[in-house]
Amino acid sequence: MAISAISHILVKLGMISTSDHTSVVSMNLFVALLCACIVIGHLLEENRWMNESITALVIGLCTGVVILLTTKGTSSHLLVFSEDLFFIYLLPPIIFNAGFQVKKKQFFRNFMTIILFGAVGTLISFFIISLGAMYLFNKLLNIGSLDIGLGDYLAIGAIFSATDSVCTLQVLNQDETPLLYSLVFGEGVVNDATSVVLFNAIQSFDLSNINSKTAFQFIGNFLYLFISSTLLGVLAGLLSAYIIKKLYFGRHSTDREVALMMLMAYFSYMLAELCNLSAILTVFFCGIVMSHYTWHNVTESSRVTTKHTFATLSFVAEIFIFLYVGMDALDIERWRLVSDSPAKSVKLSSILLGLVLVGRAAFVFLLSFLSNLTKKSNYDKIDFKKQITIWWAGLMRGAVSMALAYNKFTESDVKLRKNAFMITSTITVVLFSTVVFGLMTKPLVRYLLPSPKPFTSMTSSEPSSPKSFIIEPLLGNGQCSESTGQNIPRPSSIRMFLTTPSRSVHHYWRKFDDSFMRPVFGGRGFVPFVPGSPTERENPQWQ
C-alpha cells in the first residue's frame, strides 16, 4: 500500500513512467536500494573514511551505471530529479527534525554568530562566486556561444553558496563539541534559507535596470522574508501547543496528538510556500517551538513516538536525497550535449569549485575574527582549528544546489547547450565535493579535534545559570579568584556590558517564559506530571 501510494504521487508529479507496472517496479528497486544503503552504512559505521551520505551517493552512482548498461545508454536512473519532490516531500522532515532535536540553549547562545555566518557569510560568498564566475568565465573560457547573462551569473552565485554540512555533522558530536556543532548546524540551516531567498529574489527582480533603489528593495525583501518566515513558524508551533494543551487529545487517543504535531509542522511549511516566504526557516523555527512547548503537552508514549518518528523520517529523507542525486548524475542526455567540449566542461567545473573554496574562506576567517572580538570567555571563542572545521564543513554542495540548478537551467526557452553545461558542472561539483571532501572529513575532524576529553571539561565549565555570568567580572582589577588562585584583570565597563551583562538575555527570557508563555502554551513544569516521563529524567534544554 505504501509503495503504491508513493508510486501514485510520483506519477502525478511526472517523476516516473505512467505505466503502473513500471512505476511499481521502479519504486520497489528504489526502496530496496534504500534498505541496502542503511545496511551498508551500518556496516561502515566505524570506517575511517566513509559515512552514510557518501555510501548512498556511491550506491546511486553504481546503480546508474548498471541501468545505463542494461538500457544500452538510453537511461541511467529510476527516477528523474525534480525540485518539487525535493522541496515539497524530502526537505521538510529534515529541516523540521533539525529544529526539533537542536539543543536550544547552545543554538540561541550563539544565535548572532550563526546569523553572521549563515546570512552575512552567504552574501559574501554569493558576491565572490558571482563576480568571480563573471570574470573567469570570460577570461579563461570562450563562453560567447553559451550566452550566459547577468541573471545567470547571479543565479550561479546563489546556487553554489548553498552548502551541505551533513557529512561534517555526522562526525561531530553536539555533546562533546557543543559550540562547534551549534555553529556548523545553525549556519547550515540559515545558509540554505538565505541561498533560496537570494535565488528567488534574483528570479523575480528586473536585472536590466539595477540602481541603488533596487539594492535597497533587495535588502528590504530579504529582511521581510527572514522575519516573516520566522514569525510564521513560531506562530504555527504555538498554535499546536495551545490546541493540544487545551483539548488534551491523549485522554482518548495518542494517535491524534501525534498526527496533529506532524500535520501542523507540514502545514507551516506549505503555508510559507503558499505565501512565498522561506519555508525552510518557517519549519525550522516551528520545530524549535514545538520541542519547547508542544512536546511537553502530549502523553509519555506520544513523546517517545514523535521523537523517534521525526528522527526516522529525517534519516530516510537524507538517504533518499543522496541516492537520488547519485542516480541522476549520469543523465546521458545532458552529458551528450557537452561531450564535444570535455575540456571546457572540466575547466568550468574547476573554476566553480575554486570559487567555492575561496568564497568560503573569504568570510569564515574574517567573520570568526570579528566574532571573537566580542567574546570574553575562551570557551565562546572560535579558535583556528574550529575555523578550519567550519570552513571545511561548508565546502560540500548537495541537493539544494542541484534543485536550484535544475530550477534555473531546465527552462524550455533557454538554449539547451548552456543548460547542459551548467547542469553537468553542478553535478560535477556536487559529486566531487561530497565524495572527495566527504571522504576526508572524518580523518580531518579527528585530527583537528583528536579527543573528546578537552571538550568534556569545557562543557562542564560552561555557565549553567545567570549567576555564572557575573562571578568573575565582579572581581576587581588584580583581585584573586578563590577557586583558581589567579589574578583576573578587570575589563572595561563597555566591554563588560557587551560581553558579560549582569543579567543575561537567557535570564530575562526564562522569567518571561515562566510568567506568560508556559501558563498559556504549556511546557516543562506546566503540564500534568506523567510518571516515568522522559522529560522528567532529562536535563532541561533551556536551563
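Residues numbered from 1 in each chain as written. Predicted model: local features only at pLDDT ≥ 70, side-chain atom pairs only at ≥ 80, totals over all residues. Heavy atoms only, no water.

The protein chain has the name Sodium/hydrogen exchanger in an unreviewed UniProt entry, where Trapa incisa is given as its organism. What UniProt states about the protein chain under its Sequence similarities (unreviewed entry) heading is, verbatim, "Belongs to the monovalent cation:proton antiporter 1 (CPA1) transporter (TC 2.A.36) family." Under the UniProt heading Subcellular location (unreviewed entry), the note attached to the protein chain is "Membrane". (UniProt positions renumbered as here; feature names shortened; annotations may be inferred.)

A. Structural detail: the packing of aromatic side chains. Going through the model one piece at a time under the given rule, you end up with 24 aromatic pairs. Between the aromatic rings of Tyr242 and Phe521, the centroid separation amounts to 6.3 Å while the plane-to-plane angle is 70 degrees, which identifies the pairing as edge-to-face. Here Tyr242, found in helix H10 (residues 212-247), pairs with Phe521, found in helix H21 (residues 505-521); they are 279 residues apart in sequence, far enough to count as distant. Residue classification places Tyr242 among the partly exposed positions, given a relative accessible area of 36%. (Phe/Tyr/Trp six-rings, centres within 6.5 Å; stacked < 30°, edge-to-face > 60°. Helix = DSSP H or I, 4+ residues; strand = E, 2+ residues; numbered from the N terminus. Buried < 20%, exposed > 50% of the residue type's maximum accessible area, 1.4 Å probe, protein only.)

B. Molecular detail of the nonpolar core. Counting 128 residues, the largest nonpolar core has Phe137, Phe284 and Leu323 as the members making the most contacts within it. With 14 residues, helix H9 (residues 178-204) is the single largest residue contributor to this core. If you look at the next biggest cluster of nonpolar residues, it comprises 6 residues, including Leu238, Val289, Tyr293 and Phe521. (Core = buried A, V, L, I, M, F, W, Y, C linked by side-chain atoms within 4.5 Å.)

C. Spatial organisation of the environment of Ser515. Here Ser515 lies in helix H21. Within the structure, the side chain of Ser515 is placed 2.8 Å from the backbone oxygen of Lys511, a separation counted as a polar contact. (Polar contact = N/O pair within 3.5 Å; in protein donor to acceptor, adjacent residues only side chain to side chain.)

D. Region of the structure containing the packing of helix H7 (residues 150-159) against helix H17 (residues 399-409). As a packed pair, H7 and H17 sit with axes 9 Å apart at the nearest point and diverge in direction by 165 degrees. What the angle tells us is that H7 and H17 run roughly antiparallel. H7 and H17 meet at a crossing whose hand is right-handed. The residues of H17 that touch H7, namely those facing Gly151, Asp152, Ala155, Ile156, Ala158 and Ile159, are Ser401, Leu404, Ala405, Lys408 and Phe409. For the contact of H7 with H17, a count of residues per class yields 7 nonpolar, 2 polar and 2 charged. (Axes fitted to C-alpha atoms, helices over the stretch in contact; angles between N-to-C directions. Parallel < 35°, antiparallel > 145°, perpendicular 65-115°, else oblique. Left-handed = near helix turned anticlockwise from the far one by under 90°. Contact = heavy atoms within 4.5 Å. Nonpolar A, V, L, I, M, F, W, Y, C, P; charged D, E, K, R; others polar.)

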